[in-house]
Each structure stands twice: as C-alpha cells, then as structure tokens.
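Examining the three-dimensional arrangement
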Amino acid sequence: MNRHAKGKTPRRPPKTPSSNQKDPVGVYCRVRPLGEEGEECCIEVISSSTIQLHAPAGFKTNRNGEYKETQYSFKKVFGVSVSQMDLFEHVAKPLVDDLIHGKNGLLFTYGVTGSGKTFTMTGSPGLGGLLPRSLDMIFNSIGPYQAKRYVFKTDDKNGMEVQNEVDALLERQRRENNLPAPKATTARQKLDPEIADMIKPEEAYKADGVDEDTSYSIFVSYIEIYNNYIYDLLEETQEDAIKPKWNGGGTPVRQNTEFIPPQSKILREDQNHNMYVAGCMEVEVKSAEEAFQVFWKGQKRRKVANTRLNRESSRSHSVLIIKLAQAPLDADGDNILQDKNQVTVSQLCLVDLAGSERTGRTGAEGTRIREAGNINQSLLNLRTCIEILRENQMCGTNKMVPYRDSKVTHLFKNYFDGEGKVRMVVCVNPKADDYEETLLVMRFAEMTQEVEVARPVDRPICGFTPGRRNRNQAFKEELSRKLEERGGPIDRDMSSVINHLVHNLPPLPCSELTDPHDDITLPRLIEALQNRHRIRQMMIDEYTKAANTMKSMLQQLDSNHMSNENIIHEQNGRLLEKDKIIQNNKAELERLEKKAKTQEHKIDILQKTTKIYEDDKRSLQHELETREQRLQRELNDKRRMEQRMHGVVTDTQHKWAKECDRRVNAMQLEMQNKLWVKDEKLKQLKAIVTESKTPGRPEPPPRQTQPKRPSREERLPAKRSASPSPMPTSTPVRPMHRRSRSAGGEKWVDHKPSSSMDLGTVLQPVIPNAIQVSAPSEKALSKCDRYVLTHQEVASDGEIQTKLIKGEVIKTRGGGQAVQFTDIETLKQELTTVPRRKRKSSEGKPASGDGTDGAWTDVETRCSVAVEMRAGSNMGPGYEHHGINKRRKP
C-alpha cells in the first residue's frame, strides 16, 4: 500500500495594503489633576502639544546626579481643565465619522495605574467619557434611517446577512416568545442610576454627510482580556460561573477576588484575514440608552480589585466593539437591497487597557501579583510590536512582528496593517511618585507616533439614484392625501380603508334558503357576487391607473424638482464661487494697497537715503582728489629724495672702496716686508748651522751686511687664477644625486611666485620646454605634463635656501587637472670662511739633536705654501699673503 505524500500547506498570499497613503498613529496626552494640593508635581504643560517632565526632589536622572528636564510632543495635550466634551471632539469624533462612512477605527487609553484611563473612556454621571458620547453621536446621526430589528443578522464567521421583513418579523416573534414578559417601565426607569444622564442634551453631536438612502443597524459586543484569556462579558452563563458578590450600589465588591473563570474565547481569522472573537455575543441595539445599558451590564462583570494605588484598579483589558452594518435601499426606496455583497460592515473598537504597575508600590499579593505580571507582559508585547513596526518602516527591514505573543496585539493586528485609523490617549498622573513609570510611558508614546498606518479606502458608491427614500415617503403622503380628497378615511389605517370600500359595493341580497329546491336565491346571490366582483375589479383597475398616473406625475414632479434643485444648487455654487472671487479680489486689493503704501514709504526713505549717500559721495570724492594730489606731491618728493640719496650712497661706496683698497695694499706691503726680513734671517741662520756641522776649521762668520731688497720684477706676485683656490672646510662632500627628470622631454609648468628673490648664484635651475607662470592656471596645466614650484625659505643657519617642488599633472574624472607632488630638490648657498692658521715659530727653542728644524724653518715646507694675491697687486716684501696649502698631484 503506497502512502500518499504529505503536502505542504499553501502559503497565503500577502495582504496588499488598502491604500498607498499613510497616516501616523495619533497620540494624545491627558493630564489628570493632583489628588491633594500639597503634592509635588512632576509634569508641566508648556503648550497645546508639549509637556515637560521635572525630576522630583532627590531623584537622580543620570549617573552624575545632575537635574535634567525632558520635553515630549504629542498631537495635542489636554490639561487638567479640559472637559470631556473637548476631549471627545478632538479624539473620538473623527473616528465616529469614519465609522458611519464605512471605515474602521481603534481608540485605546494607555498609562500607569491610577492615571484616569477608565474615567477618560467611561466617565461618570454628568461627565460622560469617550464611549457614551460615541454611542450618542452614532444614534443621533443614523436614528431616522435605522432598519427594523433582525433585518441584519450576524453569522458565526464575522459576516453579516440581510433578511427580508417577513423573515425579520418571524425572527423577532420567535425571540420575543423565548424571552420573559418585559415589565411596563419607561426607558429612563430602565437605566441604572450610575449611568443616567451621562450626556447633557446640549452636548450632543451629529455626523454630517449621512447617506439617507441607506439603512443602518448597530451591534455591540463587550469582551475582556484577563491573564491573556478572552472572556465575553455579555454572555448570560457567565454570571452563574463567576458568582460575584454585589453591594447595595449595584457594583461588585472589590475585595471579592475568588472568581471561577468561565470558558474563554478564541481568536479566528475570517475570509478577509480580519481577526475576530469566535462565539462572542453581538447584541443589536436601537438607541444610545440601550447600547450603554448593555455596556454597563458587562462593565459590572469586569474584573477589578482594590490596590494600594487605586481603589478600583482594572485587572483586565476591556474592549467594546461597536459594529455598524449598512446596506442601500432598492430602486423604489422602500426595502433594503437583498444583496449580501452590498452590505458594508465597519467597526469601532474602544479599548481600556489595564495600567502598568509595580508590585512593590501596589502591595499586591497572591492572585494580584499574577494579574500584574500578565498585564505588564501584554503591555510589553504591545511595545515590542510597535518597536518592530517602527524599525521596519524607518529602516526598510522586513522583520516579523510578534502579534501572536499576546491576545491584545493579535486581536488588533489588522488595524496596524492598514484596516483603519489608530489613536491612543496617554493618561498621566502628575504626582512625583509616578515619575519613573510616567517616563517609560512617555518614551513609548513618543515611539508610537513614528509608526505610520495605511489610510483606509472609501467604500464604493451604489449606482442607484439618490433621494429614493424621500421620494417613496412623498409618494405615500400624496396617496393618503388623494384618498382623503375622494372621501376616504382620514386616518391611514388600512382596515378603515377596506371597510370604506366594502360599504361602497352593492349590498348582498338575502341568502336564506328555506327550500332545498329553491332555484332563485342561489342564482341571485351568484349574480350579486359577480356584480360586486366586477365593480371591485373596476375599482382596482381605476385605483391602479390612478396610482400609476399619480406615480408618473410624482416622478415627473420629482424629476423637475430635482432638476430645479440642481440648477439652484449650481447657481448657488456659482454665486458662492463669485462671492469667494469677489472676497479674494477685495482682500487682494487691500493687500496691494497696503503693499503700495508700504512701497511708497520705502521709496521715500530710499530717496532720502540716496540723497544723503550722494552728498557723502561728493564730499568723499573731493577729499579723495585732494588726498591724491597731496600723495602725488609726496611721491614726487620721495623720488627726488631717493635719486639724491642714491647718488650720495654711490659716491660714498666708491670713496670707501678706494680707501679700503689703499689700506689693504698698505697692510700687504708691510706684511711682505716683515716676512722678507724674517726669511733672510732664517737663511743666514741656516747657513751658519750648516757650516758648523762641516769638518775642519770653521771659517769666520761673514760680516753682517744689510739684506738685499728684491727687485720690482721679483716683488711682482704671480697672476691669480680665474677660479679661486679650494678652501679647506669642515663641510662634508655632498653626495652625488640622481639625475633630475626635469632634463627630459616633458613640457613643464615653471611656477615662480612674484615674491621670489634673485640670489645671484652661479648655478641656476634651467628647465627646457617650460611655461613660466607666477600663478598656476587650468589652461597652463592642461598643456603640460609636469609641474615645478620654486619655493624660498630661511634655513636654520640664517641663509636662504631654494626648494624645487616637482610633481606630475594628472587628468581628473571631472575634466580638470590635479597635481601629484613626487620630488623635491634643494638649492642652498653657503659662505665659507678661512680659518686663521697659527704660525709656528722656532724662536727661543733649541735645535734638536737630530738636526731637524720646525715646520716653518724648513724652506721646502715654507715653499709648499701658495701665495694668493689679488689681481693687480705686486709680489714683494711687505705684501700680504695667505698661507694656503697647494694641491699636490697624486
């Protein structure tokens, strides 16, 4: 036996958003009054959309303990003096309008325990909250257009069916027979005293644009989510299961916490992928009082408890679901169109979330601790879903939102996916003890405002002619009027009309049969009946003809009336447009007149300012011309002074140059003479020493004679070389560098700034194929391949050194040129100084035993000294010479 392969569950196609346009979640803030006047307040309302949190005394908001204030912005902030009516007008009224026009909405209150969430949602006698005002506005808007009870019927799959009036009548009779006989009491007597007069008559609202050719019906269901389980608060069997204790005021005793949990409900998904509570009881209501009575019946069953922070603390999340079913009338405007596809169902969910709390502050024990943990966990799951939604929208990620982790988020996942508007009222308590919890609530509210929800689309418009209900009503009234004119009954009771018609028929003959063989009575009765039937048929035909004629006339009149109304409406629209244009033109004229006056005033000011500026300009021009003439005279005097001083400086330079040459020549001559005399003495001394060392008799010393002066030719110094002799310096030999690439065949841009100085050196950088510029330009760079910058700076020794910074010209992607520096050459000029050599002398020293003299006593040593003279000087005694070692050939 072959086993069939296990097939995979087909993946559900992703739900497309209802609209491409998105709106952020509307978050509002409401501040409740302080309980006592002496309490410390940590919240301040700065503006209509901003509040500021002050850290209470002794509270450190950061690690260094500094006082810190934080501000949070909302769509609107409601202070302690805002009424319930103002809150409803800004928050819930737009959602009720959308509900009547076929769009869904979700409104929930959020905050810590004891912050006023239940009061904001429910209210008190005379101060009705958002919920009773929403119900009142709904029935004020659709009251005349409600369908009869049980015409709309809910199924078990979150759908809605339409029944005809006969089936609805049978359904109503069946249900009324099953219910006990009602007491004869008025509607006001039925209301609980705790909910009576919740809304004042002058505070009633009514929606605009309600479709008169549509029938409406309201269904209400009320559930609570307790310990992450869903319970139906309207289920009749729940009272027997829970058995709460009640006090005299009609409210449950708060100390009674031992409830037997009833059967919980489960969440299911309908064919449109919308979540709903399966098996939840939906009650059809026909008035605001009846709807609120149903709500209060379930409110008494809601789980509350007495804690240290709140006498009646909600232990569960409550959800009131208001479902509005609407369907168009048929073409005659008399009955509802029997088409399930034409039924539109919209719902408004009003959620009162339980407050987050800390068990240490509430003093919870036992069951209260478990309830608080479940409440905090569900609120944490809501926060997590909001965070992931925000991250997916802002960062473009596609993380899975964990809606299924909590019943609250799972039930309302469709609203965050784009099935309706979402609004949240954040309730805060300004007392200092709730500062930490309030800070967390503010952060969550600030993050929620950044989540965007797809805008729901408008419902399709029915193709029938508008105004059908009014035409049908007018036809019935006209028919009654015609009957009255023909002598018909004044009242509109059908039995009276039938009796009147019967009396107009011919009377029946006597029909008593005394003889079984009587052949006259029966034929006479038959003839009378046939006559009555013929008359009745004629009356029916006449009535039908008159009715058709009247109907055609009414239709003609109605069409004429509609056309006239359309024409009047069109003319009124045109008049309104003309009035708007006239008003706009008047406003524009006033604006232009004001602008013209302003411009004229500005022109006057500008003309006066221009006149002042022109006077200043003339005075400044005159002063400028005077100063220019004075400056020109000073410049001329300066040039003449410069020329005169230049001549004086030149004469002084020539004079001192001659004097220096004269003094130098004289000093050289004196030094040459002294050196010649000393050389002669050394020669004689050497001769004496040499003769004393020869064997034999020493010859007498020669007579002292006057040394002979050299001739003029001998005194002439040797001609100096064109190049100076090398000077021995301590500077190390500069190593050989590689040959610069500037000698190549590339074309260069030679950038020499105008501030460069000419040092007059022998070696000058010569760059062939170069374009010399004082400032680089794009045109020059586009023609060359290389770039060199001449830069001068003062070195550490005080001398000026020149750096040649070289680079390559590179084409950029944008079509320009860029320079990438690759090499630097440094040119440095040094002034060498000749160290003064100390002359050694052998005077006063005895001759050595080996017969060697000092370095300066040796003739060969002295002859190895080169004599360098200036050009034009004569060599001879008395002339100055420099002792510089000659270069010896290797």
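All values reported here derive from a predicted model rather than from experimental measurement.

**A look at the environment of Val-428**
Looking at where Val-428 falls in the secondary structure, it is placed in strand β21 (residues 420–428). Residues within four places of Val-428 in sequence aside, it is in contact with Cys-29, Arg-30, Val-31, Arg-32, Ile-43, Ser-115, Thr-438 and Met-442.

**Comments concerning the packing of helix α4 (residues 130–142) against helix α8 (residues 288–299)**
As a packed pair, α4 and α8 sit with axes 9 Å apart at the nearest point and diverge in direction by 150°. Taken together, the axes of α4 and α8 are roughly antiparallel relative to one another. For the pair α4 and α8, the crossing hand works out as right-handed. Here α4 contributes Leu-131, Pro-132, Leu-135, Asp-136 and Phe-139 to the contact with α8, which in turn contributes Ala-288, Ala-291, Phe-292 and Phe-295. Its residues assigned to classes, the contact of α4 with α8 shows eight nonpolar, no polar and one charged.

**Re the packing of aromatic side chains**
The full count for this structure, using the stated rule, is eight aromatic pairs. Seen from their ring centres, Phe-88 and Tyr-205 are 5.5 Å apart, and the 55° between their planes marks the pair as tilted. Residue Phe-88 is located in helix α1 (residues 84–91), and its partner Tyr-205 is located in the loop between α6 (187–190) and β12 (214–226); the two are separated by 117 residues in the primary sequence. Residue classification places Tyr-205 among the buried residues on the basis of a relative accessible area of 17%. A network of ring pairs unites the aromatic residues Tyr-222, Phe-292, Phe-295 and Trp-296 as a single cluster.

**As for the side chain of Arg-423**
Mapped onto the elements, Arg-423 comes out in strand β21. Here Arg-423 is buried and forms no salt bridge, its nearest opposite-charge partner Asp-98 lying at an N-O distance of 6.7 Å. Engagement of the side chain of Arg-423 in a polar contact is seen with the side chain of Tyr-28, the distance being 3.0 Å. A distance of 3.1 Å separates a polar side-chain atom of Arg-423 from the backbone oxygen of His-90.

**Some remarks on the sheet that holds strand β25 (residues 786–794)**
Here five strands make up an open sheet; going across it, the order is β24-β23-β25-β26-β27 and the pairing mixed. Sheet topology places β24 (770–773) and β27 (817–828) at the edges, where each strand pairs with a single neighbour. Along the sheet, successive strands turn relative to each other by an average axial angle of 25°, direction set aside. Sheet analysis places strand β23 (residues 748–751) next to β25, joined by four bridges and oriented parallel. When the sheet's bridge partners are listed, His-751 is paired in β25 with Leu-789.

Here is what the cut-offs are and how they apply
Residues numbered from 1 in each chain as written. Predicted model: local features only at pLDDT ≥ 70, side-chain atom pairs only at ≥ 80, totals over all residues. Heavy atoms only, no water. Helix = DSSP H or I, 4+ residues; strand = E, 2+ residues; numbered from the N terminus. Contact = heavy atoms within 4.5 Å. Axes fitted to C-alpha atoms, helices over the stretch in contact; angles between N-to-C directions. Parallel < 35°, antiparallel > 145°, perpendicular 65-115°, else oblique. Left-handed = near helix turned anticlockwise from the far one by under 90°. Nonpolar A, V, L, I, M, F, W, Y, C, P; charged D, E, K, R; others polar. Phe/Tyr/Trp six-rings, centres within 6.5 Å; stacked < 30°, edge-to-face > 60°. Buried < 20%, exposed > 50% of the residue type's maximum accessible area, 1.4 Å probe, protein only. Lys, Arg positive; Asp, Glu negative; His and termini not counted. Salt bridge = Lys/Arg side-chain N within 4 Å of Asp/Glu carboxyl O. Polar contact = N/O pair within 3.5 Å; in protein donor to acceptor, adjacent residues only side chain to side chain. Pairing = 2+ DSSP bridges.

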